[in-house]
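Spelled out from the first residue to the last, the chains are:
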Amino acid sequence: MIGQVAVRRFPALTVSTPRTEVRRLTSADAEAAGEIFADKLTRRWLPLPDDSGPIDGHAWCTELARQRRDSGEGDHYAVVRREDDQVVGSLWTRRTDWGARLTEVSYAMAPHARGFGFAAEAVDAVAIALILEHGFQRVELRVAPGNLASRRVAEKAGFSYEGLLRNAGLVGGGRVDLELWSFVAADLR
């Protein structure tokens, strides 16, 4: 069909690590997701205008996740601590380019779960699964300068720093540069 592009649905993904499981969010995760995104430190680094209201946890886990998945752009995931089956974070993929076989991953962790390595463990596992199981060639992470915790996650997850994207993002209601980090298929060798 001329003029029509087939939309690829983002692949179903569940990955397990020794301490976490990453799986699609469900409506049962809405309260935990809402609390994660309501956290002041989390909101400081999200690409939201200052005057934006709270993120609706139910919409994030259901309609917004389904829209992103159905459009082929990405998906929304829960980071679950295996020890007690508690949702300790959210991870999402976006900006998927099917021709180039690349996607971007982002994450937010609950305040009580920060500093324990759950984010790096989950991001690493997702990047590896996307490359080995779903044919992706590149997974990107973008970090606002000053977000040292996210920079540490990128490093611990095995991503390589590539450079600075000038004036490429929005955090805290203002324009910022973004560090570009990547994990590519060759990194698995």
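Refer to the structure above for everything that follows.
What counts and what doesn't
Residues numbered from 1 in each chain as written. Predicted model: local features only at pLDDT ≥ 70, side-chain atom pairs only at ≥ 80, totals over all residues. Heavy atoms only, no water. Helix = DSSP H or I, 4+ residues; strand = E, 2+ residues; numbered from the N terminus. Rg over C-alpha atoms; globule rule 2.2 N^0.38 Å. Buried < 20%, exposed > 50% of the residue type's maximum accessible area, 1.4 Å probe, protein only. Contact = heavy atoms within 4.5 Å. Lys, Arg positive; Asp, Glu negative; His and termini not counted. Charge placed at Lys NZ, Arg CZ, Asp CG, Glu CD. Phe/Tyr/Trp six-rings, centres within 6.5 Å; stacked < 30°, edge-to-face > 60°. Arc of directions from axis to C-beta. Salt bridge = Lys/Arg side-chain N within 4 Å of Asp/Glu carboxyl O. Core = buried A, V, L, I, M, F, W, Y, C linked by side-chain atoms within 4.5 Å. Pairing = 2+ DSSP bridges.

Novice: Got a sec to walk through the overall build of the chain? Specific residues and values, please.
Specialist: Counting its secondary structure elements, the chain contains six helices and eight strands. Listed by position from the N terminus, the elements making up the chain come as β-β-α-α-α-α-β-β-β-α-β-α-β-β. Its C-alpha radius of gyration of 16 Å places the chain within 12% of the 16 Å reference for a compact globule of 189 residues. Taken along the three principal axes of its C-alpha coordinates, the chain extends 45 × 35 × 35 Å. Burial statistics for the chain: of 189 residues in total, 48% are counted as buried. A sequence separation of at least 24 residues applies to 63% of the contacts in the chain between residues at least 6 apart. Side-chain charges of the chain comprise 25 positive and 26 negative groups, with the mean position of each set lying 3 Å from the other.

Novice: How would you summarise the packing of aromatic side chains if you had to cite specific residues and measurements?
Specialist: The geometry of two aromatic rings is summed up by the distance between their centres and the angle between their planes. Per the stated rule, a full pass over the model turns up nine aromatic pairs. Aromatic side chains Phe10 and Phe136 sit 5.7 Å apart centroid to centroid with 45° between the ring planes, which places their arrangement in the tilted category. With Phe10 in the segment before β1 (15–16) and Phe136 in the loop between α5 (118–134) and β6 (138–143), the pair connects residues that are 126 residues apart, well separated along the chain. Judged on exposure class, the residue Phe10 and its partner Phe136 are both buried. Each ring, one from Phe37 and one from Trp60, has its centre 4.9 Å from the other, and the planes form 65°; the classification is edge-to-face. Here the residue Phe37 occupies a position in helix α1 (residues 30–38), and Trp60 occupies one in helix α3 (residues 57–61), the gap between them amounting to 23 residues. Comparing Phe37 with Trp60 shows no difference in burial state: the two are buried.

Novice: Any details on α1? Residues and values, ideally.
Specialist: Because an α-helix completes one turn every 3.6 residues, residues spaced three or four positions apart along the sequence face the same direction. Those residues of α1 that sit buried are Ala30, Ala33, Gly34, Ile36 and Phe37. The arc that holds every buried residue of α1, seen down its axis, measures 160°, which confines them to one face. Exposed residues on α1 whose side chains face more than 90 degrees from its buried face are Glu31 and Glu35. Buried residues belonging to α1 abut α2 (40–45), α3, β4 (86–97) and β5 (102–109).

Novice: Just give me the short version of the pattern of salt bridges, but keep the residues and values in it.
Specialist: Taken as a whole, this structure holds 14 salt bridges when the rule is applied. Asp75 serves as the salt-bridge partner of Arg24, at 2.7 Å between the closest nitrogen and oxygen. Taken together, the positions of Arg24 in strand β2 (residues 20–24) and Asp75 in strand β3 (residues 75–81) put the pair 51 residues apart, joining distant regions of the chain. The exposure class assigned to Asp75 is buried, which follows from its relative accessible area of 0%. In this structure, the salt-bridge partner of Glu140 is Arg138, at a minimum N-O distance of 2.8 Å. Shared partners join several salt bridges into a network, and the residues in it are Arg94, Arg95, Glu104, Arg138, Glu140, Arg142 and Glu162.

Novice: Residues and numbers for the nonpolar core, please.
Specialist: Ranked by size, the top nonpolar core spans 48 residues in total, and within it Leu91, Val123, Leu141 and Phe159 carry the most contacts. In terms of residue count, α5 provides more of this core than any other element does, eleven residues in total. Not counting the four nearest positions on each side in its chain, Phe159 is found in contact with Val105, Val123, Ala127, Val139, Glu140, Leu141, Ala154, Trp181, Ser182 and Phe183.

Novice: Tell me what's going on with the pairing of strand β8 (residues 174–184), and back it up with residues and numbers.
Specialist: Relative to β8, β6 runs antiparallel, the two being bridged by six bridges. When the bridges of β8 are listed, Arg138 appears paired with Val184. Bridge analysis of strand β7 (residues 160–171) against β8 gives eight bridges, and the strand direction is antiparallel. Bridging across to β8, Val171 finds its partner in Gly174.

Novice: Describe the pairing of β4, naming the residues involved and giving the relevant values.
Specialist: When you tally the buried positions in β4, you get nine out of twelve residues, the bulk of the element. Sheet topology places β3 next to β4; seven bridges connect them, and they run antiparallel. Within β4, the residue paired with Tyr77 across the bridge is Leu91. Pairing of β4 with β5, which is carried by seven bridges, proceeds in the antiparallel orientation.

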